[in-house]
Amino acid sequence: MLAGGMGNIRIGHVEKLRLSEGSAVIVLGGPAMLIGLGGGAASSVGSGQGCEDLDFASVQRGNPEMQRRCQEVIDRCCAMGDSNPIVSIHDCGAGGLSNALPELLNDSERGGVLELREVPSADGALSHMEIWCNESQERYVLGIEGDRLEEFEFLCKRERCPYAELGAVTNERHLRLNDALLHEPPVDMPLEVLLGKTPGMHRDATSEAVKPV
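Residues numbered from 1 in each chain as written. Predicted model: local features only at pLDDT ≥ 70, side-chain atom pairs only at ≥ 80, totals over all residues. Heavy atoms only, no water.

**Q** I would appreciate a short explanation of the sheet that holds strand S7 (residues 187-190) in the present structure.
**A** Hydrogen bonds between backbone atoms are what pair the strands of a sheet, whose relative direction is either parallel or antiparallel. Pairing is mixed in the open sheet, where 7 strands are placed in the order S2-S4-S1-S5-S3-S6-S7. At either end of the open sheet lies a strand with only one pairing partner, and these are strand S2 (86-91) and S7. Each adjacent strand pair in this sheet contributes to an overall mean axis angle of 20°, direction not counted. Seen against the sheet, helix H6 (residues 149-158) touches strand S1 (24-29), S2, strand S4 (139-144) and strand S5 (163-170) and runs at an angle of roughly 5° to S1. (Pairing = 2+ DSSP bridges. Helix = DSSP H or I, 4+ residues; strand = E, 2+ residues; numbered from the N terminus. Axes fitted to C-alpha atoms, helices over the stretch in contact; angles between N-to-C directions. Contact = heavy atoms within 4.5 Å.)

The structure is reproduced here in structure tokens:
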């Protein structure tokens, strides 16, 4: 898919600001579902090279109403101009929260201590891996300063947009994801290790002349 667009954005909203220690880490939007677990992997393989299980795990399920609610909250925050309570924001794509949350924290050269079971979920049977890695649609992760949290929560409730406070930002670039149900952290590692540079992908292509029929 190739997409392009043109628009405008206020100068004050172009750059992400740095999160400070103690800032609240928020997930905004739809609940976790058993969908999109293979989204990024499935889109990176050649046609016919995948397997049936990967195809089923890659199914997406959109929710335009939830997207609208999220957008209303974000719009109301942006309309405050320099008083915007959102310090930094990141969308959720392939990998879901397992990708978006570490990148949100790393953009500010920070870490975080988060609670997995605070993530809203539509399926109580999801494993910690499925909650952390599913690619449910219409979700954002963002950082809010502690003294603006009540104001942000008011906007979410007014727009009937689900949200959850997962934890707080730390100065150390280390991510700890606690699990109140299993009492053992599924993720506890330095962000430098988690977000280290991966090898580049190489593809060989050849062209062949097609004989006219």
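**Q** Explanation requested: unusual backbone geometry in the structure shown.
**A** Across the chain, the bulk of peptide bonds are trans and the bulk of non-glycine residues have phi less than zero. Despite not being glycine, Glu138 shows a phi value in the positive range, around 60°. On the basis of relative accessible area, Glu138 is assigned to the buried category, the value being 15%. Non-glycine residue Arg160 carries a positive phi angle of around 55°. Locating Arg160 in the fold gives a position in the loop between H6 and S5. (Buried < 20%, exposed > 50% of the residue type's maximum accessible area, 1.4 Å probe, protein only.)

**Q** Help me understand the environment of Arg176 in this model?
**A** Its place among the elements puts Arg176 in strand S6 (residues 174-178). Here the alpha-carbon distance between Arg176 and Val113, two residues 63 residues apart in the chain, equals 4.9 Å. In contact with Arg176, not counting residues within four places along its chain, are Gly112, Val113, Leu114, Pro185, Val187 and Asp188.

**Q** I tried to follow the nonpolar core on my own but got confused; where do I start?
**A** Formed by 25 residues in total, the largest nonpolar core has its most connected members in Leu97, Leu101, Trp132 and Val141. Contributions of two or more residues to this core are made by S1, helix H4 (97-107), helix H5 (128-133), S5 and S6. One finds Cys70, Cys77, Cys156 and Cys161 within the second-largest nonpolar core, a separate group that totals 16 residues. (Core = buried A, V, L, I, M, F, W, Y, C linked by side-chain atoms within 4.5 Å.)

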